[in-house]
Amino acid sequence: MSKTKEESTAKKTVRGRTSGQFRCLNCFERLTPPPGAKIFTCPNCGYAWRLSWFGPGEPRIRGPVWDVNEAQTQKSMAEKGGN
Amino acid sequence: MALSRKIAYIDLTNRRVRTAPIPLEMRRRYLGGRGLDMYLLYNHVKPGADPLGPDNVALVSAGLLTGTLASASARVHIAGKSPLTGLVGSANMGGFFGPEMRLAGFDHLVITGKADGPVYLWIHDGEIEIRDASHLWGHDAHQTQTLVRDELGDDDIQVMTIGVAGENLVRFACVMTSLKNAAGRTGMGALFGSKNLKAIAARGRMDIKIAFPEEALDYNKEIITQVTSAKVSKTMQKLGTLFIWGTTNSTGLVRVRNFQSNQIPHADDIEPESIEEEMIGTAGCFGCQVHCRGRYFIKKGPYTGAYVEGPEYTSLGAFGAEVGCTTKQTVLVGNHLVNTYGLDTLETGSMIAWAMELFEKGILTTKDTDGLDLRFGNDEAVIEAVHQIAQRRGIGDILAEGPLKAAEKIGKDAIKYLIHVKGMSNLHSDERPTPALALNIATASRGSDHLRSRPAIDLYHLPEKVLRKIFGNPVPYDGPLTSDYRDYEGKPWEVLWQEMCYETVDCLGICKYHTVFLGPNMPNFSEWPKLIYLNTGLEFTPKDLWDIADRAYTMERLFNLREGLTKEMDWLPDRYFDEKTDRGLPVVRGKSIDRDKFRKMVDEYYKLHEWDENGQPTEKKLKALGLENEPTHKL
Amino acid sequence: MSKILVIDPEKCTGCRLCEQVCSVKHERVVNPYRARIKVVKWEMEGKILPVVCQQCEDAPCAAACPGHAIARNPETGALEVNYTLCIGCRTCMNVCPFGAMGFDWVENRVIKCDLCGGDPQCARFCETGAILYVDKSELSSLKQKKGAESLMDLMTKVTAAITQAG
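Computed from a predicted model, the values in this text were never measured in an experiment. (Residues numbered from 1 in each chain as written. Chains lettered and ligands numbered in written order. Predicted model: local features only at pLDDT ≥ 70, side-chain atom pairs only at ≥ 80, totals over all residues. Heavy atoms only, no water.)

Engineer: Would you take a moment to explain the arrangement of the chains for this structure?
Structural biologist: Most contacts, among the 2 pairs of chains that meet, fall between chains B and C. The closest approach of any C-alpha atom in chain A to one in chain C is 13 Å; the two make no contact. (Contact = heavy atoms within 4.5 Å.)

Engineer: Can you walk me through the environment of C:Thr156 in this structure?
Structural biologist: Structurally, the position occupied by C:Thr156 is in helix α5 (residues 139-165). Separated by 31 residues in the primary sequence, C:Thr156 and C:Phe125 have C-alpha atoms spaced 33 Å apart. (Helix = DSSP H or I, 4+ residues; strand = E, 2+ residues; numbered from the N terminus.)

Engineer: Which parts of the structure should I look at to understand the confidence of the model for chain A?
Structural biologist: Confidence along chain A averages 87 in pLDDT terms, with 89% of residues attaining 70 or more. When mean pLDDT is compared element by element in chain A, strand β3 (residues 39-41) of chain A scores highest at 97, while helix α1 (residues 9-15) of chain A scores lowest at 78. (pLDDT = per-residue confidence, 0-100.)

Engineer: Before we go on, may I ask you to explain the interface of chain A and chain B in this structure?
Structural biologist: Interface size is commonly expressed as the accessible area that is lost once the parts come together. Across the contact, 34 residues belong to chain A and 37 residues belong to chain B. Of the charged contacts in the structure, one is a salt bridge between A:Arg62 and B:Glu271, with a shortest N-O distance of 2.7 Å. At the junction of chain A with chain B, the criterion picks out 12 residue pairs in polar contact (both at pLDDT 80 or more). When contributions to the side of chain A that touches chain B are tallied by element, the ones reaching two or more residues are α1, β1 (22-23), β4 (48-55), β5 (58-64) and α2 (66-82) of chain A. When grouped by side-chain class, the residues that make up the side of chain A that touches chain B number 14 nonpolar, 10 polar and 10 charged. (Salt bridge = Lys/Arg side-chain N within 4 Å of Asp/Glu carboxyl O. Polar contact = N/O pair within 3.5 Å; in protein donor to acceptor, adjacent residues only side chain to side chain. Nonpolar A, V, L, I, M, F, W, Y, C, P; charged D, E, K, R; others polar.)

Engineer: How should I be thinking about the interface of chain C and chain B in this particular structure?
Structural biologist: Between chain C and chain B, the residue contacts involve 30 residues of the former and 43 residues of the latter. In total, about 3100 Å² of surface goes out of reach between chain C and chain B, with carbon and sulfur atoms giving 53% of it. Summed over the shared surface of chain C and chain B, the result is 5 salt bridges. In this structure, C:Lys25 and B:Glu214 form a salt bridge, with 3.1 Å as the shortest nitrogen-oxygen distance. (Buried area = accessible area lost by both parts, 1.4 Å probe.)

Engineer: Sorry if this is basic, but what is going on with the side chain of B:Gln226 here?
Structural biologist: Structurally, B:Gln226 is set in helix α7 (residues 213-228). Contacts of B:Gln226, omitting those with residues within four sequence positions, involve A:Ala10, A:Thr13, A:Val14, A:Arg17, B:Asn521, B:Met522, B:Pro523 and B:Glu527.

Engineer: Hey, could you run me through the sheet that holds strand β4 (residues 76-81) of chain B in this one?
Structural biologist: For sheets, the rule is that strands pair by backbone hydrogen bonds, running either parallel or antiparallel. All names here are of chain B. One open sheet accounts for 6 strands, arranged β2-β1-β6-β3-β4-β5; its pairing is mixed. Single-partner strands in this sheet number two, and they are β2 (16-21) and β5 (88-93). Within this sheet the neighbouring strands show an average axis-to-axis angle of 15°, counted without direction. With 6 bridges connecting them, strand β1 (residues 6-11) and strand β6 (residues 106-112) associate as parallel partners. Paired with Ile10 across the bridge in β6 is Ile111. (Pairing = 2+ DSSP bridges. Axes fitted to C-alpha atoms, helices over the stretch in contact; angles between N-to-C directions.)

Engineer: What is the right way to look at the nonpolar core in this model?
Structural biologist: General note: in soluble globular proteins, nonpolar side chains tend to be found buried as a group. Core analysis: the largest hydrophobic core is formed by 153 residues, its most contacted members being B:Leu343, B:Trp354, B:Trp497, B:Leu518, B:Leu572 and B:Phe598. Considering each element in turn, this core owes the most residues, 10 residues, to helix α19 (residues 491-508) of chain B. (Core = buried A, V, L, I, M, F, W, Y, C linked by side-chain atoms within 4.5 Å. Buried < 20%, exposed > 50% of the residue type's maximum accessible area, 1.4 Å probe, protein only.)

Engineer: I keep staring at the pairing of strand β1 (residues 3-7) of chain C and nothing clicks. Help me out?
Structural biologist: In the case of a regular strand, side chains alternate between the two sheet surfaces. All names here are of chain C. Most of β1 is tucked away, with 4 of its 5 residues classed as buried. Relative to strand β9 (residues 131-135), β1 runs antiparallel, the two sharing 5 bridges. Bridge pairing in β9 places Ile4 opposite Val134.

Engineer: Help me out: how do you make sense of unusual backbone geometry in this one?
Structural biologist: What is expected of a backbone is that most residues other than glycine have negative phi and most peptide bonds are trans. All names here are of chain B. The omega angle of the peptide bond from Gly310 to Pro311 is -10°, so this bond is cis rather than trans. Relative to the assigned elements, Pro311 resides in the loop between β16 (307-309) and α11 (313-321). Put simply, Glu630 and Pro631 share a cis peptide bond, and its omega is 5°. Positionally, Pro631 belongs in the segment after α24 (619-625).

Engineer: Would you mind showing me how to read the sheet that holds β5(A) here?
Structural biologist: Residues and elements named next belong to chain A. Spatially, β3-β4-β5 is the arrangement adopted by the 3 strands of the open sheet, whose pairing is antiparallel. Looking along the sheet, the strands with just one partner apiece sit at the ends: β3 and β5. Each strand axis lies, on average, 45° off the axis of its neighbour in the sheet, ignoring direction. Across 3 bridges, the pairing between β3 and β4 is antiparallel.

Engineer: Looking at this structure, how should I read the packing of aromatic side chains?
Structural biologist: Aromatic rings in a pair are described by how distant their centres are and how their planes are angled relative to each other. In the structure shown here, the tally under the stated rule is 22 aromatic pairs over all chains. With centroids separated by 5.3 Å and ring planes inclined at 45°, the aromatic side chains of B:Tyr30 and B:Tyr39 adopt a geometry described as tilted. The exposure class of B:Tyr30 is buried, given its relative accessible area of 0%. A connected cluster of aromatic rings, assembled from ring pairs, spans B:Phe471, B:Tyr477, B:Trp493, B:Trp497, B:Phe525, B:Trp528 and B:Trp546. Over the aromatic face of B:Phe540 sits the side chain of B:Arg28, whose NZ or CZ is 5.4 Å from the ring centroid. Over the ring of C:Phe103 we find C:Arg90; its NZ or CZ atom is 5.8 Å from the centre of that ring. (Phe/Tyr/Trp six-rings, centres within 6.5 Å; stacked < 30°, edge-to-face > 60°. Lys NZ or Arg CZ within 6 Å of the ring centre and 35° of its normal.)

Next comes the structure, spelled out in structure tokens:
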């Protein structure tokens, strides 16, 4: 009914938003953990993250699984050093 | 109408008040808020003035859109020559004071001279009174607000005030309003204290006319949805600004034990989610749907039962990572103390962390600290140090002087361990792996600063296409832009773009969480012209706003150069170049800043600004901005 | 269908956006003191309570009005002031138990919430859910759900404590 008016930038932005995902801080992959998961290991790089849910279906990284990620990093630094 | 608000010249020495209209021409050149304040700063402060002497000027202002239907338009700006750095002093805060000052009829206050005893200002419906404040002197920032409301018999009064730290001229004292809103940085509280100005109270019932009310309502709704649908906002609604810790500490981008590491592992107790367990909810500033202010009661210790707001992300460094503490109780109590004393939490924590490293290195001993055991991780010592700074007792009296003056007093190698730029301490962030952020703190106009030009979204690994869209508007940019935050290339433009973006919101009186700071798809130059037009009827293009921001930022640069800024001061502490990061993810581990590449970045940044190789704006640039004849004393 | 404003003070963040948009809608200006809603705060104690007309069934304002100037709008269910009948005595202000009847000194008349003719701006803008505009038929379940949620919260905590102790 309304005339074809150009959509405002504000409205366009809202349409483009995604949810349910977080990005791995190590490899930047977008990951979709199962709802409510407390720990999720990145299938791409093997780094493990402790998650919290700030809204229904909205995960975020609370912190690393310290020992797992530190071991991963030691390994990858050693490999790099060996090159 | 918003544009009918006046400027008031308040001479505290002679106790005289004069008011004048603000010419539209000045609005078109500076909008208001920080922009117009920078004009006033350059024009009203005598060159070389002592920041704590009567020749300094305290400027208080509302932004062009403060109080209007522009989401989160709560900000009030305070400026003067900084008692901390001797350069631009400038800080703004939310809460409710800014809109109330506008409702009371004023947009700008120019406060000069020094009162012969404690005073406060009472601004109401177009009038300003200078009132005795002897009975308020010595009271903390929370008590003072209640006392003023009681005295004037009105709970709707909004008060900005200094605490004991400002009275004691702690060089990083701030001005506070509500529970936790602070014009925190550059020591504006000490500036108030030096003028015997304890507080400013405002209550007004004058209409702020909206140019196109129905359309402004609809557009405000759109803007709010744009902001609150973003993941960062939803996270902040629950965790406040603490949420940032999840990314920074997990990656390895925080500074620990002053500057000895870049990640604090296993500190689960101070994680945002752990602190959130203490919160009873969050509070919002005027008209804001992000409501990022945490609310909690202290449950243990001597402050049990105190109602507190916060803590902010900054306090996680001040009472956590930087001082090597990992218990939330210290963060919660430390936050309460800086809010009541009126201290900049960031500078306070940084000064204590620095003193702790000096203690560790033996430059300070228990002899210097009257027995205070300034070991990293000593929670009690950290809290005691806050008291000592605010009350200027013991070692606190030296730390209260701020980084450079304290380093001079302590002598030895103390200065080597300072994490500062231009005499202002850095946030608890470690920029060694992130050249863009390093350039931001090195060049920001008020010293090491994350709110002047930080391209925080550089950390998000955004595709180049997205970066081009954001950073290519409203001024075309076809140089390099890369998704990798470890790169040096293309970053100077990001820093410059953010400078213009933050300057504009500070001129408008809008909170930075409602623009491109922590989220990439937030309102910016594309949205602001419509927002301004619907609220005020003034027409600007995106490029007009950019030019205004450029003009205001250049005024800051001119002021800094006049007060002694040199090219050497647009630089980082040696440790950024000489020591490598020891922790964090592989992308950030073993990193330091490369001197030569960084030099090139600074040069490039100057060039993009059209400043010469010494960082001086060129004659051509000044002419283009119409600044070749400053000071022009039009206001 | 009849809708009503429901206030949940626990969800209010005290931002006063409701006051702001209310004054713009009705008076075309930002002036919280001319709004039909007010967020009353005991700021230093952290207490917040939005105050607005409850559109009472047996409204004291309407009953006490000597000019019979306050009547219900059949379409929106809002009690509205008919200014041609209003004599400006402010009796309604005195009798309202909520302090929800205001006075606009600019137009020199009492003011109250009229539900913006069926699209109350306060509820439109309040994203926290502190102000909702809901059908009266939903009222019970809304409150029941809230009560159940807090009970469930408590039960979860108790269960967790028992599990931990055991």
